[in-house]
Amino acid sequence: MGFTCPNIDGTVAKGGCIYCENESFSPNLSKEHKVFKLNPYLTENPHIDKQLLQLESQYNRYKKRLAKKFGAKKFIVYFQSFTNTYAPFSTLSALYEKALELPDAIGISIGTRSDCISNEVLDFLRLKKDEGKEIWIEYGVQSAFNETLNAINRGHDFENAALWIKKTKEAGLNVCVHLIFGLPNETQEMMLQSVQSVIDLHVDAIKFHSLYVTKHTKLARDFKNGLFVPISEELYLDTLIKAIKMLPSNIALQRITAGVQDDTLLAPMWCYDSHMQKNRAKEALKKAGLEY
Ligand code: SF4
């Protein structure tokens, strides 16, 4: 789609979050992806027609696959990679509008950063919601502790996340937040405090995963230099169970694990096979009297 991130292109910071695999850490990636990149300051987007076609063809591909695998009939279009509100408003509105018009699409879910959303975008999405569409904004919050957010080079603080979550809720939109367990120097008590902090913001859904190290990242350097020790599966699962028990029934749990099943994963190796990982997590939840 051509999205990048203000935490990578130097607008907020360079290099991105320390766990983000991007061209700052892999010159080959930048060669491979030497393509047009969006940002909100562009006066025109010469690639919009191509992007709209790309959106449609990706949708059709995934729709077919999910319909075959799960018998799905209705779909929410997920704008997942990088920061999907980091583009001129005309580009964003064209892409979101197109997604909402695709056959059997009942809504959209937009992954972004809390320092990269505007009242203009929220107003536009509020209108779509009023027309009966299901609209989700997914904010990468990761931790409620500013010292952690600094350590991972997040580029915004927790107060910024709280402010925009509140504004998004006031616009009547659904909010899903992402939290990571195992961030540098975080204790289990801190991880659970982050869970409580987002519960207190009345979010609608949460996605959890553990911090894992992939090759082309700043975290990979820290890991190789012994400066970062990944969370164990035992501690992750114990934290996950405690976190789930804290969730009120009106907060949906949208993800309990994540992994990378290729040779870019450096550590921890228990994150390699996300299918097996999910099975082990489900088993642990079952033992704790929880179902997922
Ligand atoms: S916000 Fe997302 S895309 Fe941007 S640097 Fe962090 S992980 Fe990468």
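Scroll up to find the structure.
Here's what I pulled together on the structure shown here. (Residues numbered from 1 in each chain as written. Predicted model: local features only at pLDDT ≥ 70, side-chain atom pairs only at ≥ 80, totals over all residues.)

## Brief notes about the overall build of the protein
When its secondary structure is counted, the protein shows ten helices and eight strands. Radius of gyration (C-alpha) of the protein: 19 Å, near the 19 Å computed for a compact globule of 292 residues. Its C-alpha atoms give the protein principal-axis dimensions of roughly 45 × 45 × 40 Å. Buried positions account for 34% of the 292 residues belonging to the protein. Sequence separation of at least 24 residues holds for 77% of the intrachain contacts in the protein that already meet a minimum separation of 6. (Helix = DSSP H or I, 4+ residues; strand = E, 2+ residues; numbered from the N terminus. Rg over C-alpha atoms; globule rule 2.2 N^0.38 Å. Buried ≥ 20, exposed ≤ 12 C-beta atoms within 10 Å, placed from the backbone. Contact = placed C-beta atoms within 7 Å.)

## Remarks on the site of the ligand
Around the ligand lies a shell formed by Cys-5, Asn-7, Ile-8, Gly-16, Cys-17, Cys-20, Phe-82, Thr-83, Arg-113 and Gly-140. The residue makeup of the shell around the ligand, split by class, is five nonpolar, four polar and one charged. (Near = placed C-beta within 6 Å. Nonpolar A, V, L, I, M, F, W, Y, C, P; charged D, E, K, R; others polar.)

## A few points about helix α4 (residues 119-130)
For α4, spanning twelve residues, the distance from its first C-alpha to its last is 16 Å, which sits close to the expected 16 Å at 1.5 Å a residue. Positive backbone phi, at 100°, marks Gly-132, one or two positions downstream of α4. (Expected span 1.5 Å × (residues − 1).)

## What to know about the sheet that holds strand β7 (residues 252-255)
Pairing in this open sheet of six strands is parallel, and the strands run β1-β2-β3-β4-β5-β7 from one edge to the other. Of all the strands in the sheet, the pair left with one neighbour each is β1 (75-79) and β7. The average angle at which neighbouring strand axes cross in this sheet is 25°, direction not considered. Of the pairings in the sheet, the one linking strand β3 (residues 134-142) to strand β4 (residues 174-181) comprises six bridges and is parallel in character. By the bridge assignment, Ile-137 is partnered in β4 with Val-175. (Pairing = 2+ DSSP bridges. Axes fitted to C-alpha atoms, helices over the stretch in contact; angles between N-to-C directions.)

## Some thoughts on the environment of Phe-89
By the secondary structure assignment, Phe-89 is in helix α3 (residues 89-101). Note: C-alpha distance between Phe-89 and Phe-124 (35 residues apart in sequence) is 9.6 Å. Non-local contacts of Phe-89, meaning those with residues more than four positions away in its chain, are made with Glu-120 and Val-121.

## Remarks on the nonpolar core
Within the largest apolar cluster, 63 residues are counted, with the highest numbers of intra-cluster contacts made by Tyr-139, Val-177 and Leu-179. Broken down by element, this core gets its largest block of residues, six residues, from β4. The residues touching Leu-179, leaving out its near neighbours within four places in the chain, are Val-141, Gln-142, Ser-194, Val-195, Val-198, Ile-206 and Phe-208. (Core = buried A, V, L, I, M, F, W, Y, C linked by C-beta atoms within 7 Å.)

## Examining unusual backbone geometry
Cis peptide bonds are those with omega within 30 degrees of zero, and the linkage from Ala-267 to Pro-268 qualifies with -10°. For Pro-268, the position within the fold is in the loop between β8 (265-267) and α10 (274-287). The phi angle at Phe-82 is positive, at roughly 60°, despite the residue not being glycine. Locating Phe-82 in the fold gives a position in the loop between β1 and α3. Given 22 C-beta atoms within a 10 Å radius, Phe-82 is considered buried. Although it is not a glycine, Gln-142 adopts a positive phi angle of roughly 70°. Mapping Gln-142 onto the fold places it in strand β3. Residue classification places Gln-142 among the buried residues on the basis of 22 C-beta atoms within 10 Å.

The values are spatial; any link to function lies outside them.
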